[in-house]
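Chain by chain, the residues run as shown.
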Amino acid sequence: MKLTFIIAFLFIVTALHGQETSCDRTVSGQVLDIDTNEPLPFATVKILGTQNGAVSDANGSFQIEKVCKEEIDLEVRFLGYKTVVHHHDFHHSNPVIYMASNETLLESVVVEEELNAHALKTLEPIDIKVESLESIGVSAGDLFSQSSGVSMLKTGQNIVKPIVHGLHSNRVLIINNGVRHSYQAWGAEHGVEIDASQIERIELIKGASTVRYGADALGGVILFNAPKPGFSTQLNGEINGGFQTNGKSVTGEITITEGYERAAWNASISGTKQGDLKAVNYQLTNTGKEELGFSAGGRFHFPILDINVYLSHFEQKLGILRGSVSDNLEGLADAIGAPIPSNTKPFSYDINNPGQETVHDLLKLETSLFLGEQQFDFQYAFQRNLRKEFDVRRGVNNERPAIDLRLISHSVDLDWDHPSSGAWAGTFGIQFFNQNNDNLPGTNTIPFVPNYNTNNIGFFGIESYTSENTTYEAGVRFDLMNLNVRGRDSDNDIYRDNLNYQNFTFTLGFVKEFRNLTLRSNIGTAWRAPNINELYSFGKHQSVFEYGLWRYELFPEEDSISTRTVLSNEDKQVQSEKAFKWITTLNYSKNGFSAELTPHANWISNYFFLRPYGITETVRGAFPYFIHDQTDAIYAGVDLDITKEWNASTNSGLKMSYVYAKDTRNDQYFVGIPPLNIQLSIEKKVGNFAFKLNPEFEARQNLTPQVIDPDRFEEEENLSFERSGTFDFMESPDAFFLLNGSVGYEKDNLIVKLKGQNLLNSSYRRYTDNLRYFADDTGINFAIFLGYSF
């Protein structure tokens, strides 16, 4: 009865609200070509059911006055282009209408956002439009491969996660369809676990964005956005498929959508099957993958209320290079840097140990309430993440997962965009986040991380002031976090901890507009409580052993380490990471030429890092082992983006990124910092064909710690070197040059794309690939993708 009353009340309120008859409203907008972004002059824009309309000017802009209704349907026509019908209300900003020609597969698109954007104005996101044929069969992390300031942390080709200005994992916050993505982010060998085929647009924020998005955003924030179903659209969809020669992978995707006046829905299903990949000179055994994903979304629109629901499911089965596991110290010494990895076999679709199986489910309910010039947003999300990791083990244990985790998450977000007061505008919000992580029985191992519960609540406020061509912005946030831990040590004794953290963060920035120049600058603080693995990890994790800060004790006098029990309470010394990041972007744009320079610096105190400590030999084989430690660090660098549109059919671009990182407390370098990377792009359109060439150069990383000769591994068990410092097990790889390219063809409802990767078939290894110690990266690959819309 209560639910019925609430629904009836909302309908009555929205109906009464829609009865206003004032005719003093004005709708403005712009009409552009979706391919070239050029304005379309003399396009006809009309309000359906009336004679009221307008014609766009030379800039594609239009304005319709004396609009009576609060909600209208705009019909946009232009000769040779697909007609657009867009449902518009005055709670949203003026629409930008991207029209598609009759000859292209693309559909026309209308872009409009809420009156008050939630993002920080002084940290402009990089907007990446993901083409449907670019996202099937790849990892979500691969979609950033041509963005400056972003590198890829890999464990082979199947497990990929983004590195933003040198930072990754728990220091880069991922927002999946407006929801803080909850997965086992702490592992460098853990991918993003988001279905790339269901991503339409990506926003990349490179600054410290803790104030708006919460703790962990020390390096930046990545927002993955799925396509929203459009209103007033007939049933339509796409069928996409592809085949790649390297790995002999087959992938497919089907999407459908339909929209009515006040309701719309869409659904998608995708799948991939890939066999062993191949380097230039040998097969990469056990690098296959299998993926299956589906999603569904719905939108409901009333005069003052919007409701969105979204559901997704994504599961993966991933193989990890068999040659990364060795039986003894001699085998490990031979495997590191070997010409051909051990256990190399002919091509197969089989996925054996070592490997991973993951499942991620998301359910989201989102509502927006518009009351005059203010807006209230409420969002609830439920997530379930399952992770099984399989190691090479003896007997029946080889069939059991060595790690079996279940992570359940709930989140609630409430945002208020208050009415603008002159030049002032702002947003206030409350965010609650809960996680419950459990080890599932049956692994026959001591849990790598204990069971835990996390509760986090944050309060934030952001205000901006605009004066002529300058906007000033300030924000503040307060977070409270509780971590409740329960586990067993190596003697099977139970231990418990209840930890509390709290912190204030702030941001300050400005945006200055000149004639052809835009200057943005932002400083902000960020923080991060220690993650569960940084304190409690214990034992083998994929191809290495790890010990958290509270799971080992050093004895320098005896030159030894003990990992038997959890440290006592009086010995538990740890502090949260705290960062201060400055980022400035200078953008110049004129006559088809654009250049953007972004210097940045990030000072991090109490920085957690995983440092090599030695080699250990167990019944499972010989493995490097690492310990978690804390220090102070600086990350600094520069990004450069240059684009040039030579004419309507030809454009080119250059992207360059460089990061410098150092342990300032111990005056030494870290392992795995991305080296200088330069990428070029040249694109030419001829009729229905599009040709693209993408050369890439990556330099050798010379700022590295000392290296241990693998021949010394056999000198003694539990071998360690320079225990007070950091070292690596192999020299950084040589610089390399790659040539990639594609040819696309579009006509009517059909699109065909041919892609080539590593066209010169170069042998190379990336410094940020965890498997660089054991094998080369993949060799030449050809792919064909087909897309059909209906």
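Rules used in this analysis
Residues numbered from 1 in each chain as written. Predicted model: local features only at pLDDT ≥ 70, side-chain atom pairs only at ≥ 80, totals over all residues. Heavy atoms only, no water. Helix = DSSP H or I, 4+ residues; strand = E, 2+ residues; numbered from the N terminus. Contact = heavy atoms within 4.5 Å. Areas by Shrake-Rupley, 256 points an atom, 1.4 Å probe, with all protein chains shown as cover. Pairing = 2+ DSSP bridges. Buried < 20%, exposed > 50% of the residue type's maximum accessible area, 1.4 Å probe, protein only. Axes fitted to C-alpha atoms, helices over the stretch in contact; angles between N-to-C directions. Salt bridge = Lys/Arg side-chain N within 4 Å of Asp/Glu carboxyl O. pLDDT = per-residue confidence, 0-100. Patch = residues over 30% accessible without salt bridge, like charges linked within 9 Å, V, L, I, M, F, W, Y side chains within 5 Å. Phe/Tyr/Trp six-rings, centres within 6.5 Å; stacked < 30°, edge-to-face > 60°. Lys NZ or Arg CZ within 6 Å of the ring centre and 35° of its normal. 1 Å grid on protein atoms, 1.4 Å probe; cavity = no way out; pocket = protein on both sides within 12 Å on 5 of 7 lines; lining within 4 Å. Points joined across faces, edges and corners; volume = space filled by probe spheres on them. Nonpolar A, V, L, I, M, F, W, Y, C, P; charged D, E, K, R; others polar.

Visitor: I'd like a rundown of the overall build of the protein chain, residues and numbers included.
Guide: Each helix and strand counted, the protein chain has five helices and 45 strands in total. Within the protein chain, contacts between residues at least 6 apart in sequence are counted, and of these 66% link residues at least 24 apart. Taken as a whole, the protein chain presents about 33800 Å² of accessible surface, with 56% of it coming from carbon and sulfur.

Visitor: How would you summarise the sheet that holds strand β12 (residues 172–176) if you had to cite specific residues and measurements?
Guide: Across the sheet, five strands lie side by side as β9-β14-β15-β12-β13; this open sheet has mixed pairing. If you trace the sheet from one side to the other, it starts and ends with β9 (126–129) and β13 (179–180), each paired once.

Visitor: Account for the environment of G524, with residues named and values stated.
Guide: Relative to the elements of secondary structure, G524 occurs in strand β30 (residues 517–528). Classification of G524 as buried rests on a relative accessible area of 0%.

Visitor: Can you lay out the pairing of strand β21 (residues 289–302) for me, pointing to particular residues and giving the numbers?
Guide: Where strand β18 (residues 263–274) meets β21, twelve bridges bridge the pair, whose relative direction is antiparallel. Bridge pairing in β21 places Q274 opposite K289.

Visitor: Got a sec to walk through the sheet that holds strand β2 (residues 44–47)? Specific residues and values, please.
Guide: The four strands lie next to each other as β3-β2-β5-β6, forming an open sheet whose pairing is antiparallel. With partners counted over all chains shown, the strands left at the sheet margins are β3 (53–55) and β6 (84–89), one partner each. In this sheet, neighbouring strand axes are inclined to one another by 20 degrees on average, regardless of whether the strands run parallel or antiparallel. Pairing of β2 with β3 involves three bridges; the strand directions are antiparallel. From the neighbouring strand, K46 faces β3, where its bridge partner is G53.

Visitor: With reference to specific residues and values, describe the pattern of salt bridges.
Guide: Summed over all chains, the structure comprises 26 salt bridges. The salt bridge involving R212 is made with D415; its shortest N-O contact spans 3.2 Å. Placement of R212 in helix α3 (residues 210–213) and of D415 in strand β25 (residues 403–421) is noted, with a sequence separation of 203 residues between them. Residues R212 and D415 agree in their burial class; the two are buried. The partner of D734 in a salt bridge is R700, and the shortest N-O contact between them spans 3.5 Å. Highlighted residues: D734 in the loop between β42 (727–728) and β43 (736–747) and R700 in the loop between β40 (689–698) and β41 (706–707), separated in sequence by 34 residues. On the accessibility criterion, D734 (56% relative accessible area) is exposed.

Visitor: Mind laying out the environment of L143, listing which residues take part and the relevant values?
Guide: You can see L143 is positioned in the loop between α2 (132–135) and β10 (150–155). Counting along the chain gives 59 residues from L143 to I202, while the straight-line C-alpha distance between them is 8.7 Å.

Visitor: Before we move on, can you summarise the confidence of the model for the protein chain with the specific residues and values?
Guide: Looking at the protein chain as a whole, its pLDDT mean stands at 86, while 89% of the residues score no less than 70. Counting contacts from residues 3–20, a segment whose pLDDT is below 50, to residues more than four positions away or on other chains yields 13 contacts. Between residues 717–723, whose pLDDT stays under 50, and residues either more than four places distant or in other chains, the model counts 24 contacts.

Visitor: Requested: an account of a nonpolar patch on the surface, with residues and values cited.
Guide: Taken together, the side chains of I239, I254, I269, L292, F294, L311, L363, L750, Y788 and F790 make up a nonpolar region of the molecular surface, amounting to roughly 860 Å² of accessible area. Position of F294 among the secondary structure elements: in strand β21.

Visitor: Account for the environment of L218, with residues named and values stated.
Guide: Residue placement: L218 occurs in the loop between α3 and β15 (220–225). Spatially, the C-alpha atom of L218 lies 9.2 Å from that of K206, the residues being twelve residues apart in sequence.

Visitor: Quick one: what's the story with the packing of aromatic side chains, residue by residue and with numbers?
Guide: Following the criterion strictly, the structure yields 25 aromatic pairs and no others. Here the basic side chain of R180 rests over the ring of F433, its NZ or CZ set 5.1 Å away from the ring centre.

Visitor: Pulling in residues and values, what's your account of unusual backbone geometry?
Guide: P354 follows N353 through a cis peptide bond whose omega is 0 degrees. Mapped onto the elements of the fold, P354 is located in the loop between α4 (329–335) and β23 (355–371). Phi is positive for S232, which is not a glycine, with a value near 55 degrees. As for its placement among the helices and strands, S232 is situated in the loop between β15 and β16 (233–244).

Visitor: Could you give an account of empty space enclosed by the protein, with specific residues and numbers?
Guide: For the coordinates displayed, the defined rule picks out eleven cavities of 30 Å³ or more. Looking at the largest cavity, its volume works out to about 980 Å³. Lining the largest cavity are 49 residues; nearest its centre among them are H168, A188, L610, V671 and N770. Contributions of two or more residues to the lining of the largest cavity are made by β10, α5 (532–536), β32 (544–547), β36 (593–618) and β37 (621–647). For the lining of the largest cavity, the element with the most residues is β36, which contributes six residues. Its residues placed into classes, the lining of the largest cavity shows 26 nonpolar, 15 polar and eight charged. Reported here for the second largest cavity is a volume of approximately 470 Å³.

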